[in-house]
Amino acid sequence: MAATLSHTCLCPNKLNMLVLTNHGLGYRSKWSGIKSSRHKSYNMITACHRGPDVNDRFRSLRCKCHKIDRVTDATSENRDPVFKSELSANGNGTFSSSLHISGINSIEEEAWELLRASMVYYCGHPVGTIAANDPSDSSILNYDQVFIRDFIPSGIAFLLKGEYDIVRNFILHTLQLQSWEKTMDCHSPGQGLMPASFKVRTVPLDGDDSATEDILDPDFGEAAIGRVAPVDSGLWWIILLRAYGKCTGDLSVQERVDVQTGIRMILKLCLADGFDMFPTLLVTDGSCMIDRRMGIHGHPLEIQALFYSALLSAREMLSREDASADLITALNNRLVALSFHVREYYWIDMRKLNEIYRYKTEEYSYDAVNKFNIYPDQIPPWLVEWMPNKGGYMIGNLQPAHMDFRFFSLGNLWSIVSSLATDDQSHAILDLFEAKWADLVGDMPLKICYPALEGQEWRIITGSDPKNTPWSYHNGGSWPTLLWQLTVASIKMGRPEIAENAVKVAERRISKDKWAEYYDTKRGRFIGKQARLFQTWSIAGYVVAKQLLANPEAAKILVNVEDTELVNAFSCMISANPRRKRPRKSINQTFIV
Ligand code: GLC
């Protein structure tokens with residue numbers, strides 16, 4: 001059964017003439033009532049469907065924007081040209097990139113137009129951006145949904161443009177989906193899980209032909225390919241919430257009781273005790289941007305970096321009331337243990353590789369050097385050649401007797417942004433990007449991971465996944481969206497020229513290639529075999545990179561600066577480590593580790 005909220009439709013037909021009641025904030029209390037109920041989805045009677053209709057995406061987009069009652073002026077002003085120009089169908093049914101047909105004179109302008117065209121509306125309010133807006137694609141799968149992780153660069157772009165409503169709406173709407181009851185074969189995901197994506201469905205209102213209603217329908221992985229739970233969604237949600245507060249100066253959203261509860265629910269899920277000996281988060285394969293089997297189950301770097309960033313961000317936002325005290329203690333302890341663990345055990349450079357090469361194994365003791373019993377033979381031949389003299393990186397994953405030596409861009413970049421990596425390590429990661437430019441940037445930034453799995457390894461690890469063939473998609477493909485994370489990281493370290501150069505490479509093709517989702521081959525020369533065109537986070541990633549390069553100060557809304565208490569607690573652990581013989585500093589240790 002679906003719950004129906006009480007906003008009556010005042011619109012006589014589906015496409016036009018929206019006259020909305022001002023329900024921007026008024027429906028909160030009703031939602032909280034629904035949260036604890038057992039409804040599968042919630043509905044709100046609304047006037048018009050403004051979101052991209054699968055069959056008539058562009059036509060419906062045209063009418064949507066002028067009807068919203070709470071969108072900033074900047075939004076409506078800038079939006080008009082979008083719908084005047086562009087995106088007309090070619091004879092063959094495909095669409096041309098508007099830059100080439102309507103005289104738009106910069107790639108950035110085109111990107112903005114496309115980004116606006118990807119906006120999804122719920123009850124007349126913008127709530128997110130569709131994953132891909134590719135009209136030539138007949139197999140839409142779930143690319144017509146708003147993905148939480150995909151929306152982050154869109155949200156940042158809108159924030160930096162001063163268009164805050166869409167981000168606030170996204171934050172509050174996804175919060176309502178957080179505790180939704182969803183099951184797969186009778187099993188429900190943990191409380192606090194954020195969905196991977198959601199869809200706005202517009203359906204005829206029962207018994208009334210002249211009205212429709214919008215339904216927000218979340219997917220927690222129960223419908224996703226491979227049924228993977230999106231561990232990263234909640235972490236990204238916290239990161240975006242903080243960025244919203246920092247950018248707008250409006251702390252009222254993060255201070256709301258329901259938002260505070262949402263933060264606490266995510267943290268409780270992440271900090272729950274399990275069987276694990278490590279402070280890193282234990283997850284299944286495909287729990288993040290790489291949402292298919294790629295051998296990243298266990299403790300993948302990307303999740304650890306987002307986890308660290310979310311913990312630091314949550315600590316800034318949690319209200320200092322008694323209810324949060326235990327959580328904050330647990331959070332502080334985890335932060336210290338996590339940064340120690342990743343900095344010590346995930347880091348490799350020439351020196352460390354040489355150390356691993358000479359590891360003794362089978363050390364049973366408390367002061368073992370080779371704690372995880374890594375057999376030196378695991379060092380892959382490619383890495384012996386690949387590791388530059390100057391530079392280093394965090395490995396992809398660490399398990400007992402297993403180091404995944406693949407280089408994963410997002411995890412490494414977010415380790416810099418979140419200060420999970422030390423300053424020296426952060427610079428070394430950027431050094432590696434420079435040293436391995438041809439491999440990591442090549443003809444289109446940025447390689448998702450390096451190198452690709454091939455042959456028998458590919459067969460076993462991906463399960464012979466035809467989408468993840470070597471140098472394609474998640475298996476060594478190149479993803480333009482990663483430009484924005486590269487930009488934040490290089491600005492944080494005072495080396496924006498790295499991002500500038502990568503943006504120049506992208507600009508040679510990104511618009512001509514219609515904003516493809518990903519590229520194939522070792523150097524990223526071909527548009528990905530199954531890549532969507534007009535992929536929103538390719539567009540938004542580029543926009544954010546440009547915005548930040550023009551205004552580097554703005555990167556602060558995403559950066560976590562390590563605080564001195566953490567640094568002190570960390571160096572205390574370092575000096576207690578038998579491998580290091582550093583003098584113990586006299587410090588106040590605030591955390592119990
Ligand atoms: C692919 C990507 C995933 C993304 C989704 C929507 O599944 O792997 O990270 O969120 O597409 O764009």
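Details of the structure are given in the entry above.
Residues numbered from 1 in each chain as written. Predicted model: local features only at pLDDT ≥ 70, side-chain atom pairs only at ≥ 80, totals over all residues. Heavy atoms only, no water.

Undergrad: Which residues make up empty space enclosed by the protein, and what values go with them?
TA: All chains considered together, the criterion is met by 10 cavities of 30 Å³ or more. Along its surface, the largest cavity is lined by 25 residues, and Asn142, Tyr143, Phe147, Asp291 and Tyr473 are the ones closest to its centre. In terms of residue class, the lining of the largest cavity is made up of 13 nonpolar, 5 polar and 7 charged. (1 Å grid on protein atoms, 1.4 Å probe; cavity = no way out; pocket = protein on both sides within 12 Å on 5 of 7 lines; lining within 4 Å. Points joined across faces, edges and corners; volume = space filled by probe spheres on them. Nonpolar A, V, L, I, M, F, W, Y, C, P; charged D, E, K, R; others polar.)

Undergrad: So what about helix α19 (residues 496-507)? Which residues, and what values?
TA: Taking 1.5 Å of rise per residue, 12 residues should cover 16 Å, and α19 covers 16 Å from first to last C-alpha, within 8% of that figure. Taken together, the buried positions of α19 are Ile498, Ala499, Ala502, Val503, Val505 and Ala506. Along the axis of α19, the buried positions cluster into a sector of 155°, meaning they face one direction only. Summarising the contacts, the buried residues of α19 are in contact with α15 (423-435), α16 (437-440), α18 (483-492) and α20 (536-550). (Helix = DSSP H or I, 4+ residues; strand = E, 2+ residues; numbered from the N terminus. Expected span 1.5 Å × (residues − 1). Buried < 20%, exposed > 50% of the residue type's maximum accessible area, 1.4 Å probe, protein only. Arc of directions from axis to C-beta. Contact = heavy atoms within 4.5 Å.)

Undergrad: Requested: an account of the site of the ligand, with residues and values cited.
TA: Taken together, Ala131, Tyr143, Phe147, Arg149, Asp150, Met289, Asp291, Tyr473, His474, Glu517, Gln535 and Trp537 form the complete shell of residues around the ligand. Between an oxygen atom of the ligand and a side-chain N or O atom of Asp291, the distance comes to 2.8 Å. For the ligand, whose free accessible area comes to 300 Å², the fraction covered by protein is 96%. With respect to the pocket detection grid, the ligand is positioned in the largest cavity. (Near = heavy atom within 4 Å. Polar contact = N/O pair within 3.5 Å; in protein donor to acceptor, adjacent residues only side chain to side chain. Areas by Shrake-Rupley, 256 points an atom, 1.4 Å probe, with all protein chains shown as cover. Sits in = over half its atoms within 2 Å of the grid points.)

Undergrad: Got a sec to walk through the pairing of strand β7 (residues 208-219)? Specific residues and values, please.
TA: Along any regular strand the residues' side chains alternate between the sheet's two faces. For β7, a buried count of 9 out of 12 residues is recorded, marking the element as mostly surrounded by other parts of the structure. Strand direction decides the pairing type here: strand β6 (residues 197-205) and β7, joined by 9 bridges, are antiparallel. Considered in β7, the bridge of Leu205 is made with Asp208. (Pairing = 2+ DSSP bridges.)

Undergrad: Explain the pairing of β6 residue by residue, including any values.
TA: Strand direction decides the pairing type here: strand β5 (residues 146-147) and β6, joined by 2 bridges, are antiparallel. Within the sheet, the bridge partner assigned to Phe147 lies in β6 and is Ser197. Linking β6 back to β7 in an antiparallel pair, the connection comprises 2 residues, with Gly207 at a positive phi of about 75°.

Undergrad: Describe the packing of aromatic side chains, with residues and values.
TA: Applying the stated criterion to the full structure yields 21 aromatic pairs. Considering the side-chain rings of Tyr345 and Phe372, the 4.9 Å spacing of their centres and the 80° angle between planes classify their relative orientation as edge-to-face. Of the two residues, Tyr345 sits in helix α11 (residues 322-345) while Phe372 sits in the loop between α12 (350-357) and α13 (381-386), which places them 27 residues apart along the sequence. Across the pair, Phe372 and Tyr345 agree in class, each one buried. Aromatic ring contacts, followed pair by pair, group Trp382, Trp386, Tyr393, Phe407, Phe433, Tyr450 and Trp471 into a single cluster. Looking at Lys161, its charged tip hangs above the ring of Trp112, at a distance of 4.7 Å from the centre. (Phe/Tyr/Trp six-rings, centres within 6.5 Å; stacked < 30°, edge-to-face > 60°. Lys NZ or Arg CZ within 6 Å of the ring centre and 35° of its normal.)

These values are about where atoms sit, not about what they do.
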